[in-house]
Amino acid sequence: MRALARRPERADHLRAAGCEVVRADVLEPQTLAPALDGAEVAYYLVRSMGRGSDGDFAARDHAAAQNFAAAAAAAGLRRIVYLGGLGEGSTHLDSRHATAETLREGEVPVAYFRAAAVIGAGSESFRTVFYLVRRLPAMVTPRWVATRTQPIAAGDAVACLAAAADPGLPADREIQIGGPDVTTYGGMIDELARALGRRRPLRITVPVLTPRLSSLWIGLVTPVDAGVARPLVEGLSTETVVTDPSGMELLPGTPAETPLEEALREAVAALERG
């Protein structure tokens, strides 16, 4: 397994996991050819939305995907595996879907995985809810707490992606993945409170709470950067539920079977261990 990093000196955890780490940047096309030399399958998990970036992450996502698709074709890769998101209708979700379409415009087949919230200690969406529940006995919430979602445990998402390297799996198709439980964001808040051994927080739902105000509020009470939180919050009004399970049924075994309650307990334990 080879991992691409803009700053390899910060990727000791990847080396410890057994990866070869090479320097590459999807916004610097000249760095990609050496990094992809000899590879057969590439997992594209790049997001430009994040700390220290400006608001035009969609344009960077598009440019990065174009560069990578061209480099993958030149390197003779047989497959790209991309993890995007379920749902559309916000800048964040639309950019993730547009990234898939840009990759698919290239010559290399793309296995396009789509997931809702991934429940794991490194997930920004999970960390947002975790700190809200841990720090607030009551919270003002907008209407999105009633939006349905089908979260998936991080371990299950990894298992699904790992299965995509199998040459027998159809290479060029969309695969929607989700855990066994469909809930709402409000329901996920309540389940997380239970995983933390706390009473579920009192939620006061108001009809108007803009994404900007929501993200600023999240920035005040959680360590999640408001610039990251705002695009995430904008997407919470869109349902993220598996509507076509046929792709997931192609995966060997039952890779997405962890109940939400168990996934939350494992993520809480991992985050509290640091």
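Residues numbered from 1 in each chain as written. Predicted model: local features only at pLDDT ≥ 70, side-chain atom pairs only at ≥ 80, totals over all residues. Heavy atoms only, no water.

Q: Account for empty space enclosed by the protein, with residues named and values stated.
A: The probe, sized like a water molecule, is rolled over the atoms to show the empty space still left. Tallying each qualifying case throughout the model produces 2 cavities of 30 Å³ or more. Here the largest cavity defines a volume of roughly 50 Å³. Elements with a minimum of two residues in the lining of the largest cavity: β9 (152-153) and α11 (260-273). (1 Å grid on protein atoms, 1.4 Å probe; cavity = no way out; pocket = protein on both sides within 12 Å on 5 of 7 lines; lining within 4 Å. Points joined across faces, edges and corners; volume = space filled by probe spheres on them. Helix = DSSP H or I, 4+ residues; strand = E, 2+ residues; numbered from the N terminus.)

Q: Which residues make up the pattern of salt bridges, and what are the values?
A: This structure, assessed with the given rule, holds 13 salt bridges. Here E40 makes a salt bridge to R78, at a shortest N to O gap of 3.5 Å. Taken together, the positions of E40 in the loop between α2 (32-36) and β3 (41-44) and R78 in the loop between α3 (57-75) and β4 (79-85) put the pair 38 residues apart, joining distant regions of the chain. Residues E174 and R114 are paired through a salt bridge, measuring 3.5 Å at the closest nitrogen-oxygen approach. Residue E174 is located in strand β10 (residues 173-177), and its partner R114 is located in strand β5 (residues 110-115); the two are separated by 60 residues in the primary sequence. E174 sits in the partly exposed class, given a relative accessible area of 24%. Shared partners join several salt bridges into a network, and the residues in it are E88, R114 and E174. (Salt bridge = Lys/Arg side-chain N within 4 Å of Asp/Glu carboxyl O. Buried < 20%, exposed > 50% of the residue type's maximum accessible area, 1.4 Å probe, protein only.)

Q: Account for the packing of aromatic side chains, with residues named and values stated.
A: Under the defined criterion, the tally for this structure stands at 5 aromatic pairs. For the ring pair Y44 and F68, a centre distance of 5.0 Å and an interplane angle of 55 degrees mean the geometry is tilted. With Y44 in strand β3 and F68 in helix α3, this residue pair connects regions lying 24 residues apart in the sequence. One aromatic cluster in this structure is built from Y44, F68, Y82 and Y112. (Phe/Tyr/Trp six-rings, centres within 6.5 Å; stacked < 30°, edge-to-face > 60°.)

Q: I'd love a proper account of the confidence of the model for the chain, names of residues and values included.
A: Averaged over every residue, the pLDDT of the chain is 88; the share at 70 or more is 91%. Taken element by element, the predicted model of the chain shows its lowest mean pLDDT in helix α8 (residues 211-221) (66) and its highest in β3 (97). (pLDDT = per-residue confidence, 0-100.)

Q: Can you lay out the pairing of β4 for me, pointing to particular residues and giving the numbers?
A: Among the 7 residues of β4, 7 are classified as buried, and the element is accordingly described as predominantly covered. Neither face of β4 is open: one carries R79, V81, L83 and G85, the other I80, Y82 and G84, and all of them are buried. Summarising the sheet, β3 and β4 pair through 4 bridges and their orientation is parallel. Bridge pairing in β4 links A42 to I80. Relative to β5, β4 is paired through 6 bridges, and the arrangement is parallel. Residue pairing for β5: Y82 is matched across the bridge by Y112. (Pairing = 2+ DSSP bridges.)

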